[in-house]
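Tertiary structure, described
So the chains spell out like this:
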Amino acid sequence: MNDPLAHVRALFDLDDDVVYLDGNSLGAPPRAVAERMAHVVRHQWGRRLIRGWSEGWWEAPQRVGDRIGRLVGAAPGQVVVADSTSVNLFKALMAAARGSDRAEIVVDAGTFPTDGYLARSVAELTGLALRSAPPDRLELTERTAVVLLNHVDYRTGRLLDMAALTERAHAVGAKVVWDLCHSVGVLPIELDALGVDLAVGCTYKFLNGGPGSPAFLYVPTAAQPSFEQPLTGWNGHREPFAMAEDYRPDPGVARARVGTPDILSLLALDAALDVWDGVALADVRAKGLALTAHFMALVEDLSGIEVITPRDEWRGHQVSLRHPEARRLTGELADRQVIGDHRPPDVLRFGFAPLYNTFDETERAATTLAKLL
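Per an unreviewed UniProt entry, the recorded name for the protein is Kynureninase, and the organism is Saccharothrix coeruleofusca. UniProt, in its Sequence similarities (unreviewed entry) section for the protein, records the words "Belongs to the kynureninase family." The Subunit (unreviewed entry) comment attached to the protein in UniProt states, word for word, "Homodimer."

Turning next to the environment of R349. As for its placement among the helices and strands, R349 is situated in strand β13 (residues 347-351). Residue class for R349 comes out buried when judged on its relative accessible area of 1%. Counting along the chain gives 27 residues from R349 to R322, while the straight-line C-alpha distance between them is 8.9 Å. Leave out the neighbours within four places in its chain, and R349 touches L21, N24, S25, Y154, R155, H182, Q318, V319, S320, G340, D341 and R343. Reaching out from R349, the side chain makes a polar contact with the side chain of S25 at a distance of 3.1 Å.

Further remarks concern the UniProt feature "binding site: pyridoxal 5'-phosphate" (unreviewed entry) in the protein. Taking the numbering used here, the UniProt-annotated feature "binding site: pyridoxal 5'-phosphate" (unreviewed entry) corresponds to T85, S86, F112, P113, T114, D115, D179, H182, Y204, W234 and T260. Spatial dispersion of the annotated residues is evident: they stretch over 176 residues in sequence, and the largest pairwise C-alpha distance comes to 30.6 Å. Inspection of the secondary structure assignment puts S86 in helix α3 (residues 85-97). Since its relative accessible area comes to 26%, S86 is described here as partly exposed. Residues within four places of S86 in sequence aside, it is in contact with T114 and L118. Assignment of secondary structure puts T114 in helix α4 (residues 113-126). Looking at T114, its side chain comes within polar contact range of the side chain of S86, at 3.0 Å.

Calculation criteria
- Residues numbered from 1 in each chain as written.
- Predicted model: local features only at pLDDT ≥ 70, side-chain atom pairs only at ≥ 80, totals over all residues.
- Heavy atoms only, no water.
- UniProt positions renumbered as here; feature names shortened; annotations may be inferred.
- Helix = DSSP H or I, 4+ residues; strand = E, 2+ residues; numbered from the N terminus.
- Buried < 20%, exposed > 50% of the residue type's maximum accessible area, 1.4 Å probe, protein only.
- Contact = heavy atoms within 4.5 Å.
- Polar contact = N/O pair within 3.5 Å; in protein donor to acceptor, adjacent residues only side chain to side chain.

Right, here's the structure in full:
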């Protein structure tokens, strides 16, 4: 099959004996990361010591944020990389809900658990009610203050229509917060063009930033002056080194920063993002749809297997299969060098990263699963 991204695989440090289909949980390491980190540790930190902050460390959250901005359709100055997805989601929800004269926060029923936990905390802190609803039946009204949606469902891989759902929220005057953890690095996203209010996402899945790499937060320029998040740490101050007693937020997206940035992980992510230089997201999307379609065709008739990922284009780059012995099968696949993952009680997930996964690997994975069954 034609693969315009075949050459990108060489940029990753991969074992050709292993079929790695878990990029939806932890992306594979780009080769450049180890060399870049050695330089950071030995020279920027090891020789420059405290002077390393003049090597671009302080500006890194916004600089790296702008690199991610290109992948999510955000103009410069609207994305900051800092903290975890959970922390950024708390900031976003609180900023959207505080001071609202409306009554409820709506979260999609299939949300990733941490999103639901945090939405409940924000509801309790702001005095709003929390309502869970399927994305197809949100029933938004003038009571709705904020809607929290996952762009791709982490269990099934279903992709939501960001344009239509954002428009539906805005039609009743509600704000919408999008969780992009399973869609960034998967398909073209147009946050600015669609008028998205706020968005968060992680960087260790399809962006390959490494385990625990810092997450990102999108705050559009027009919303920045009124973005009042509750974690008013010194890094978000207008003059952080003035050590003033009163808190005055930075006028730009830096107001979303909180504490001292995790420089080592942040610079590892910066190096990992190099693999995206010159890559067209349209090619990534086309290959991802082809890989997942090919895999589904190979496994759909296997004994005891039910494909629960949508067959049309409304899916991310994962294929989820239901089988009563999913946990055992996941372990036995790993023993045979096919790495996917399991979600209780009965789902096997296989994430296809178009930058490094191949059609041959897709067939190897399906053949291995067939033998086990």
